[in-house]
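Below are the chains, spelled out letter by letter.
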Amino acid sequence: MFKFSTLAVILVFVLSSVLAADPISTTRTATHHPSVATPSPDAHILPPMGVNSGLTDFGTANELQPVKVNTTIATPIPVVAEPARATWAVKDAVAYRALLAVNSISIVCCIFVLVGYELLRRWYPRIMKRLSLRLVACMAATDVVFHISNLIGYGNLPTDSIFCALFGGFFFACCSLTSLFYAAAIILNCQLVFVFAKRPSQEKEKYFVYGPPLLALMICLPTLVSGTYGYDVELEYCWYATAHTDPGLVLVKMIFTFAGWSFLVLLYLTVACTTIIRAVFSPHTQTLQISATVDGFAAPSQTVDVITRRTTAVRRLVIRLLGFVSVPIITIATGVTLDILCKTGTDIKPGLDGAFEVISGLAGTLNGILFVIDPAVLAIKEHKWYAIEEDEARPRPYTLSAWSSRMTDESVDVEKNIVQDARSRKFREIEQDLDGL
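Residues numbered from 1 in each chain as written. Predicted model: local features only at pLDDT ≥ 70, side-chain atom pairs only at ≥ 80, totals over all residues. Heavy atoms only, no water.

> How should the state of the cysteines be read in this particular structure?
Among covalent bonds in proteins, the disulfide is the one between the sulfur atoms of two cysteines. Within this structure, the stated rule accounts for one disulfide. Covalent S-S linkage joins C164 and C238, the inter-sulfur distance amounting to 2.0 Å. Every disulfide takes its handedness from the sign of the S-S torsion; for C164 and C238 that torsion is -115°, giving left-handed. Of this pair, C164 sits in helix α7 (residues 162-194) while C238 sits in strand β4 (residues 237-240), placing them 74 residues apart in sequence. Just as C164 is buried, C238 falls in that class too. In this structure C220 is a free cysteine whose sulfur lies 4.7 Å from that of C174, the closest cysteine sulfur available. With a relative accessible area of 0%, C220 lands in the buried category. (Disulfide = S-S within 2.5 Å. Helix = DSSP H or I, 4+ residues; strand = E, 2+ residues; numbered from the N terminus. Buried < 20%, exposed > 50% of the residue type's maximum accessible area, 1.4 Å probe, protein only.)

> I would appreciate a short explanation of the pattern of salt bridges in the present structure.
Applying the stated rule across the entire model yields six salt bridges. The structure contains a network of salt bridges with shared partners spanning E118, R121 and R122. (Salt bridge = Lys/Arg side-chain N within 4 Å of Asp/Glu carboxyl O.)

> Before we go on, may I ask you to explain α7 in this structure?
For the α-helix, the turn length of 3.6 residues means that residues three or four positions removed from each other point alike. Taking 1.5 Å per residue as the helical rise, α7 with its 33 residues ought to reach 48 Å, and the 46 Å between its terminal C-alpha atoms agrees with that figure. At F170, α7 is bent by approximately 30°, the largest bend along its length. Extensive coverage of α7 is indicated by the burial of 27 of its 33 residues. (Expected span 1.5 Å × (residues − 1). Bend = angle between axes of the 7 residues up to and from the residue.)

So yeah, pure geometry; function would need other evidence.
Below, the structure is given as structure tokens:
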């Protein structure tokens, strides 16, 4: 009997050891028990309480309860990598702040030009309908988009986004070329009048207005679609995409899509301006203009005054022509030259690229100055001063004695007609002085 009980104790001890070492067997035993729930396959089953506690606490079958432990692995939160961004605005912060300032000032100047042109067009429609003034207004509208694209394109844009190619490349190139083409259209109009003695008809004026933006789109839109615009690794801002591209190929693309057109227009502006100045200051041309003026409506005694007014208007024309040539050279040609030097491997002094980018932001301001010194705008200003001085110099009937004598309405109407006739005569003189300018 003692041997049997000893054998039974040893058997129970071995069984408990096996159960403690193999939890799967515990799972199976507990699963078949009617009072124990079937564990889920995602749960690990720990040994029942009392099995591993020694010989004194084995536990009964009813006490064998499986313990569920949740071992679900938490899904890690994906970490999105920050896209690479243009670094020029960060590295050259001083130049970037200066660029923001000059472009903001240029935007204000362009808006001033547009508002001033619209107001003057309502007050002086016969003078402001001149083609060159309309082209200046179109150039101002183009410069607004150009300077806004500068504010965005030189910023900290993602290098692989469409905004880098759109604002840093497409809008900059398209607006620059459009402004250049408008300057060429203004010079061409003057060249037709003074050199070739031809005046564009109203039907052909639409080519001067709509031709420049259409030509610029024909050049820049395929460049954008082909993926040529993008992040420039050397300059560290958005312009032409240079990553994984041969520098020689980038240079060829730049010449055929921007630099070449810019230099061709600048060459034409220089040559055409020279021919216009030569024709304007030619003695033969001046004699014809003066004789036509005298034979028209001016008396011989007024010949000196006519020559003086015409000479003043021609001088203003020359200043404006030189401005339309010098502004693109200052704001566009310098930057294009810098780009070509960078692509050819030439060492550029630190900060020089930032200085040229700041200078490009002066385009709207300089074009606004050209609008203010335009011969037509100055003539309108002189006409206003003439009217004011004439009103001040003329004896006024609206005095106390005149009111006391009960001045009739007929005398007031007569004086108004005299004033209006004098102003109309002065206005005709201004229109004649501006003929072809």
